[in-house]
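Here is what each chain is made of, one letter per residue.
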Amino acid sequence: MNGTISNLSHHVYFWLKNPESKDDLAKLIAGVKTLNTIETIKGFHIATPAATEERGVIDSSYSVSWLAFFDNEADEHIYQTHPTHLKFVADCESLWSKVTVYDSVKAL
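Within any chain, residue numbers begin from 1 and follow the written order of that chain's sequence. With pLDDT at 70 or above as the cut-off, local features in this predicted model cover only qualifying residues; side-chain atom pairs require 80 or more to be listed or tallied, and sums for whole chains, interfaces and linings still use all residues. Side-chain numbers here rest on the full set of heavy atoms in the structure, without hydrogens or water.

1. Section: the packing of aromatic side chains
The rule is short: rings of Phe, Tyr and Trp, with Trp giving its six-membered ring, pair when the centres are within 6.5 Å, and they are stacked under 30 degrees, edge-to-face over 60, tilted in between. In this structure the tally under the stated criterion is seven aromatic pairs. With a centroid separation of 5.9 Å and an interplanar angle of 80°, the aromatic rings of Tyr13 and Tyr102 are classed as edge-to-face. Residue Tyr13 is found in strand 1 (residues 8–16), and its partner Tyr102 is found in strand 4 (residues 96–105); the two are separated by 89 residues along the sequence. Only protein chains enter the accessibility calculation, which uses a 1.4 Å probe. A residue is then buried if its area is under 20% of the maximum for its type, exposed if over 50%, and partly exposed in between. Tyr102 sits in the exposed class, given a relative accessible area of 52%. We count a stretch as a helix when DSSP gives it H or I for four or more residues in a row; a strand needs E for two or more, and each element gets its number in order from the N terminus.

Structure (structure tokens):
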């Protein structure tokens, strides 16, 4: 990201249908990695839940999270309709039981 923070963040949380399956986890992570080739993405972070202490405000029930950064909503829309994104969904949607997305813009 060249030391700057992009204006729009797109944070996606995935819950696997078979959360105990290391193969499904590996397939999902491999699929998510393909998204990072989309030219409008300015930065990204792929992660699994941290082993931090349990607190009421922490939700570690998800399997994988993917955080991507875009300069603006138009660039995020290009990502949404990009063939790589559409192929990822087609190839991997059978792996997850739930997906939640949080889009946010930089506060002034």
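The structure having been displayed, the exposition proceeds.
2. Description of the pairing of strand 1
Burial analysis of strand 1 places nine of its nine residues in the buried class, the great majority of the element. Two strands pair when backbone bridges link them, and strand 1 and strand 3 (residues 64–70) are joined in this way by seven bridges, in the antiparallel orientation. Following the sheet pairing, His11 is matched in strand 3 by Leu67. Note on pairing: two strands pair once DSSP finds at least 2 bridges between them. Pairing between strand 1 and strand 4: nine bridges, direction antiparallel.

3. Remarks on the environment of Ile46
Tracing the backbone through its elements, the reader meets Ile46 in strand 2 (residues 43–47). According to the relative accessible area criterion, Ile46 is partly exposed, its value standing at 25%. Here, two residues are considered to be in contact whenever any of their heavy atoms come within 4.5 Å of each other. Those residues in contact with Ile46, other than ones at most four positions away along the chain, are Ile29, Val32, Lys33, Asn36, Val64, Ser65 and Trp66.

4. Topic: the environment of Asn36
Looking at the secondary structure, you find Asn36 in the loop between helix 1 (22–35) and strand 2. Residue classification places Asn36 among the buried residues on the basis of a relative accessible area of 16%. Sequence separation between Asn36 and Tyr13 is 23 residues; the distance between their C-alpha atoms is 16 Å.

5. Re the packing of helix 1 against helix 3 (residues 83–92)
Between helix 1 and helix 3, the shortest axis-to-axis distance is 9 Å and the interhelical angle comes to 170°. Between helix 1 and helix 3, the interaxial angle falls into the category roughly antiparallel. Along the contact surface, helix 1 presents Lys27, Leu28, Gly31, Val32, Thr34 and Leu35, while helix 3 presents Thr84, His85, Phe88 and Cys92. Every angle, taken between N-to-C directions, lies between 0 and 180 degrees, and every axis is a line fitted to C-alpha atoms, over only the stretch in contact when it is a helix. Angle categories: roughly parallel below 35 degrees, roughly antiparallel above 145, roughly perpendicular from 65 to 115, and oblique for all the rest.

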